[in-house]
Amino acid sequence: MNVIPNPIVTQAATSADVAKLAGVSRTTVSFVLNNRQGMAISEATRQKVLDAAAALGYTPNVAAQMLARGSTATIGLVIPKLSHLYVDVFLAQLVASVNEACHRLGLKLLIESTEDEGREPGSFVNLIKGRHIDGLIVCNPRHEEHQHLMLLADADIPLVVLGAGEPELEAYVTLGNDTYAAACVAMQHLIDLGHQQIAHLGFASSEFLAANNRYRGWRDTLMAQGIEQLDELVAYGDLSAESGYRAMQEILQRQIPFTALFAGNDTLAFGAMKALREAKLRIPDDIALVGYDDIPLAAFADPPLTTIRSDPAKHGQLAMALLNQQLAGKERLERKHYCEPFELIVRASCGATRPST
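Residues numbered from 1 in each chain as written. Predicted model: local features only at pLDDT ≥ 70, side-chain atom pairs only at ≥ 80, totals over all residues. Heavy atoms only, no water.

**Q** I'm lost on the overall build of the protein chain in this one. Help?
**A** Counting its secondary structure elements, the protein chain contains 13 helices and 12 strands. In the protein chain, the share of contacts with a sequence separation of at least 24, taken over all contacts with a separation of at least 6, comes to 73%. Only carbon and sulfur atoms are counted for the fraction: they give 50% of the accessible area of the protein chain, which is about 16,500 Å². (Helix = DSSP H or I, 4+ residues; strand = E, 2+ residues; numbered from the N terminus. Contact = heavy atoms within 4.5 Å. Areas by Shrake-Rupley, 256 points an atom, 1.4 Å probe, with all protein chains shown as cover.)

**Q** Looking at this model, I keep getting lost on the side chain of Thr-267. Mind explaining?
**A** Counting through the fold element by element, Thr-267 comes out in helix H12 (residues 266-278). For Thr-267, a relative accessible area of 7% translates into the label buried. Those residues in contact with Thr-267 that sit more than four places away from it in its chain are Val-87, Asp-88, Val-89, Leu-239, Ser-240, Ala-241 and Ile-295. (Buried < 20%, exposed > 50% of the residue type's maximum accessible area, 1.4 Å probe, protein only.)

**Q** Help me understand the sheet that holds strand E4 (residues 159-162) in this model?
**A** Note: strands within a sheet are paired through backbone hydrogen bonds, in either parallel or antiparallel orientation. Reading across from one edge, E2-E1-E3-E4-E5-E11 is the order of the six strands in this open sheet, with parallel pairing throughout. Here the strands that pair on one side only, and so sit at the sheet edges, are strand E2 (108-113) and strand E11 (337-339). Recorded for the sheet is a direction-independent mean angle of 20 degrees between the axes of neighbouring strands. Pairing of strand E5 (residues 174-176) with E11 involves three bridges; the strand directions are parallel. Its bridge partner lying in E11, Thr-174 is registered against His-337. Across the face of the sheet, helix H8 (residues 146-154) comes into contact with strand E3 (135-139) and E4 while running at roughly 150 degrees to E4. With respect to the sheet, helix H13 (residues 312-327) is in contact with strand E1 (74-79), E3, E4, E5 and E11, its orientation differing from that of E4 by roughly 160 degrees. (Pairing = 2+ DSSP bridges. Axes fitted to C-alpha atoms, helices over the stretch in contact; angles between N-to-C directions.)

**Q** Would you mind going over the pattern of salt bridges with me for this structure?
**A** A side chain of one charge can pair with a side chain of the opposite charge if their charged atoms are brought near each other. In this structure the tally under the stated criterion is 12 salt bridges. For the salt bridge of Glu-100 with Arg-104, the shortest nitrogen-to-oxygen distance reads 2.6 Å. Note that Glu-100 and Arg-104 are positioned in helix H6 (residues 89-105) at a spacing of four residues, about one turn of the helix. Using a relative accessible area of 38% as the deciding quantity, one classes Glu-100 as partly exposed. Two residues, Asp-220 and Arg-219, come together in a salt bridge whose shortest N-O distance is 2.8 Å. Taking the relative accessible area as the measure of exposure, Asp-220 reaches 18% and is therefore buried. (Salt bridge = Lys/Arg side-chain N within 4 Å of Asp/Glu carboxyl O.)

**Q** Would you take a moment to explain the nonpolar core for this structure?
**A** As a rule of thumb, nonpolar side chains are buried together in soluble globular proteins. By size, the foremost hydrophobic cluster in this structure holds 29 residues, and its most contacted members are Leu-201, Met-248, Ile-251, Phe-258, Leu-261 and Leu-289. Secondary structure elements with two or more residues in this core: strand E6 (198-202), helix H10 (209-224), helix H11 (241-253), strand E8 (260-263) and H12. Here the element with the most residues in this core is H12; it accounts for six residues. Those residues in contact with Met-248 that sit more than four places away from it in its chain are Leu-201, Phe-258, Leu-261, Ala-272, Ala-275 and Leu-276. Ala-73, Leu-94, Val-98 and Leu-327 belong to the second largest nonpolar core, which has 25 residues in total. (Core = buried A, V, L, I, M, F, W, Y, C linked by side-chain atoms within 4.5 Å.)

**Q** When you look at the packing of aromatic side chains in this model, what are you seeing that I'm missing?
**A** How two aromatic rings sit relative to each other is set out by the distance from centre to centre and by the angle between their planes. In this structure the tally under the stated criterion is one aromatic pair. We note Arg-214 situated over the ring of Tyr-292; from NZ or CZ to the ring centre the distance is 3.7 Å. (Phe/Tyr/Trp six-rings, centres within 6.5 Å; stacked < 30°, edge-to-face > 60°. Lys NZ or Arg CZ within 6 Å of the ring centre and 35° of its normal.)

**Q** Sorry, what's going on with the packing of H11 against H12 here?
**A** For any two helices packed against each other, one specifies the inter-axial angle together with the distance between the axes. With their axes 6 Å apart at the nearest point, H11 and H12 run at an angle of 45 degrees to one another. Between H11 and H12, the interaxial angle falls into the category oblique. Here the hand of the crossing between H11 and H12 comes out right-handed. Contacts from Ala-241, Ser-243, Gly-244, Tyr-245, Met-248, Gln-249 and Leu-252 of H11 reach H12 at Thr-267, Leu-268, Gly-271, Ala-272, Lys-274, Ala-275, Leu-276 and Glu-278. Across the contact of H11 with H12, the residue classes tally to eight nonpolar, five polar and two charged. (Parallel < 35°, antiparallel > 145°, perpendicular 65-115°, else oblique. Left-handed = near helix turned anticlockwise from the far one by under 90°. Nonpolar A, V, L, I, M, F, W, Y, C, P; charged D, E, K, R; others polar.)

**Q** I would appreciate a short explanation of the sheet that holds strand E7 (residues 234-236) in the present structure.
**A** Here we have six strands laid out as an open sheet, ordered E7-E6-E8-E9-E10-E12, and mixed in their pairing. Strands at the two margins of the open sheet, each flanked by one partner only, are E7 and strand E12 (343-345). Sheet twist, expressed as the average angle between the axes of neighbouring strands with direction ignored, equals 20 degrees. The pairing of strand E10 (residues 306-309) with E12 spans three bridges and is classified as antiparallel. Paired with Ile-308 across the two strands is Leu-344, which belongs to E12. Each of E6, E8, strand E9 (288-293), E10 and E12 touches helix H9 (residues 179-192); the most contacted strand, E9, lies at about 165 degrees to it. Packed onto the sheet, H11 meets E6, E7 and E8 and runs at close to 145 degrees relative to E6.

**Q** I keep staring at unusual backbone geometry and nothing clicks. Help me out?
**A** Where the residue is not glycine, phi is negative for most of them; where a peptide bond is considered, it is trans in most cases. Residues Ile-283 and Pro-284 are joined by a peptide bond in cis, for which omega reads 5 degrees. Looking along the chain, the bond that leaves Asp-302 and enters Pro-303 is cis, with omega of 0 degrees. Inspection of the secondary structure assignment puts Pro-303 in the loop between E9 and E10. The phi dihedral of Lys-280 falls on the positive side, at around 65 degrees, and the residue is not glycine. Here Lys-280 is to be found in the loop between H12 and E9. Residue class for Lys-280 comes out exposed when judged on its relative accessible area of 73%. Phi at Asp-294 is positive, roughly 55 degrees, even though this residue is not glycine. Checked against the element boundaries, Asp-294 lands in the loop between E9 and E10.

Just geometry here; none of it tells us what the structure is for.
Structure representation (C-alpha cells):
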C-alpha cells in the first residue's frame, strides 16, 4: 500500500512553534525552510530547524507562497452536480472536510459542477486556462473526462482525482477505496449467506467510474461463483434516496425474483427500503440488503444497515494533503493510486447472525 502524507492536524503548527522547539529565531526558520542561500546558517542549525518542523508536522503557509508568486491561492473541487450536496451524505462530508482543510491552509475553495445546465465534460479545464484556480480535486469523474484529466496531469497542474476507475490508476494522482474489491466483498457476503438472485442499484449511471466499479464487482462475483448475472436485476439511481426508491420500483415492476440487494450507496438503500416495504417485502426476511459508505444514519435504519464503511472526511483531508504537496512546489508526486482501506460492517439488514461490528 502506498504511503499517504500525514493529514492536516487539528491545530496546525506555526513557524513560531518550530522556532521555539529548535531554539532559533523565526527569521532563521524562514531562511531554512525557504532554502535561502548565503545566510551563514550552520548545517547543525539548519538540521535542528528541519527536525523541529518534521516533529511538529509544520506546513509552510501555502497561500502566502502562492500569492507571492502571483497565484490565486484558490483550489477547485469538481463534483458532478451541485444538487448532489443536498442528497448525498458522503459527498457533503467530503466537501466539508476539503473546505476545512482549505481554511486551515489559508486557501479559498471554488466548487464546480460538470453536469449542471450549460456545463460540458471537462469544463473544469477552463478554470485552469482562465487562471481562476491553482489546482483541482476531481470527485467521481466520468469515463469521457479521462482525456481532460490527462491533459492537466501532463501539464503538471496540481491534481488529485477521487473515485477513479482501474484503467486510470497511475495515469495521475488518485485517492480512494478499491471500490471494485469492496463491491466484491459485499457480494460475496450475500452469496455466503445463501443468496444467488441478487439485485443491484447503481448510485449513478455506468459512465461514472466509481459506479461502474461497483457494478463490475456485482457482475464478476456472480460470474466467479457460476451464478447467472441478470441485467434485468440492475437499475441506476442518482445518489438520492428518491432515486433509489424509483430504481427499486423499476426492478420490482419487472417481476423477476430476487432475494438480496446490493445498493451502490446507503442513501439509495434507504429509498429502496421504502419501495420494498410498499411491495410487502420484509428486510431481511424476504430481501437481504447491503449498502455502501456507512453514512451516520446507516446504524439507525430499521433494520440497521449492513454496509461497506469508507471515510469521506479522511478522504477529504488526504486529498488536500496530496494536493498541498503539489501546490507547495515540492517534488512531483508519483502518479499512483493512494488506496485507503474499507470494511464490511455487518448489521441486521442482511440477515447475518454474526455480531455487528
